[in-house]
Amino acid sequence: SIVPFSELNEEAPVSDAFGPQYANIPWVGIIVDWGAIVGLCTTLLAGMYSQARTYLALARDGMVPHWFSFVSPTFGTPVRLQILCGLIAMALAVILPLQQ
C-alpha cells in the first residue's frame with residue numbers, strides 16, 4: 001500500500017517507507033540508505049574534480065586575477081583557487097544554520 005506523505009519521516013522518507021511501520025522490508029531500507037551515501041560521495045567527488053578544471057579555465061581566460069592561475073606542479077590543479085573555495089565553503093558552513 002502507499003504510505004501517506006504526511007506520515008513519513010522528514011529526515012529519511014524513502015528509508016522510512018520500507019520500515020516496520022509500513023512495508024516491513026528493512027533490508028530494502030538499508031540498500032536505500034547505502035545508495036544515498038554512495039550517491040552523495042560520487043556527487044561530491046565529481047563536483048570537486050570539475051571545480052578545479054573550471055577554476056583553471058577561468059584563471060587562464062582572465063576572468064579571475066592571474067595570481068589565481070598558479071598550478072601545483074605536484075597535483076596539476078589551481079591550488080590557490082581551491083584553497084579560496086575551501087575557505088568560502090568553511091565560512092558558509094560556520095555561518096549558515098543547518099536546521100530549518
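Preceding this paragraph is the structure being described.
As a convention, each chain's residues are numbered from 1 in the sequence order in which they are written. Whole-chain, interface and lining totals are the exception, using all residues; otherwise, since this is a predicted model, local features are given only for residues with pLDDT of at least 70 and side-chain atom pairs are given and counted only at 80 or more. As a rule here, side-chain values cover all heavy atoms of the structure and leave hydrogens and water aside.

Participant: Explain the packing of aromatic side chains residue by residue, including any values.
Facilitator: Stacked, edge-to-face and tilted are the three classes for Phe, Tyr and Trp ring pairs, Trp counted by its six-membered ring, which pair at centre distances within 6.5 Å; planes under 30 degrees apart are stacked, over 60 edge-to-face, the rest tilted. Applying the stated criterion across every chain, the model contains one aromatic pair. Ring geometry for Trp67 and Phe68: centres 5.3 Å apart, planes at 70°, overall edge-to-face. Accessibility expressed as a relative area gives 54% for Trp67, which makes it exposed. Partly exposed residues are those whose accessible area sits between 20% and 50% of the maximum for their type, while under 20% is buried and over 50% is exposed, using a 1.4 Å probe and protein chains only. The buried category is assigned to Phe68, whose relative accessible area is 17%.

Participant: I'd like a description of the packing of helix α2 (residues 26-60) against helix α3 (residues 79-95), backed by residues and values.
Facilitator: To define axes, lines are fitted to C-alpha atoms, for helices over the stretch in contact only, and angles between the resulting N-to-C directions are given on a 0 to 180 degree scale. For the purposes of this entry, the term helix denotes a DSSP run of H or I that reaches at least four residues, the term strand denotes a run of E that reaches at least two, and both are numbered from the N terminus. Running from N to C, α2 and α3 point in directions that differ by 120°, and their axes come no closer than 9 Å. Accordingly, the angle class assigned to the pair α2 and α3 is oblique. Handedness of the crossing formed by α2 with α3: right-handed. Counted together, Met48, Gln51, Ala52, Tyr55 and Ala59 of α2 and Leu81, Gln82 and Cys85 of α3 form the full contact between these two elements. Of the residues that constitute the contact of α2 with α3, the class distribution is six nonpolar, two polar and no charged. Geometric relationships in this document are graded by angle, where less than 35 degrees denotes roughly parallel, more than 145 denotes roughly antiparallel, 65 to 115 denotes roughly perpendicular, and other angles denote oblique. In this scheme the handedness of a crossing depends on how the near helix is turned from the far one: anticlockwise by less than a right angle means left-handed, clockwise means right-handed. Throughout, a residue-residue contact means that at least one pair of heavy atoms, one from each residue, lies within 4.5 Å. Polar here means any residue outside two lists: the nonpolar Ala, Val, Leu, Ile, Met, Phe, Trp, Tyr, Cys and Pro, and the charged Asp, Glu, Lys and Arg; Gly therefore counts as polar.

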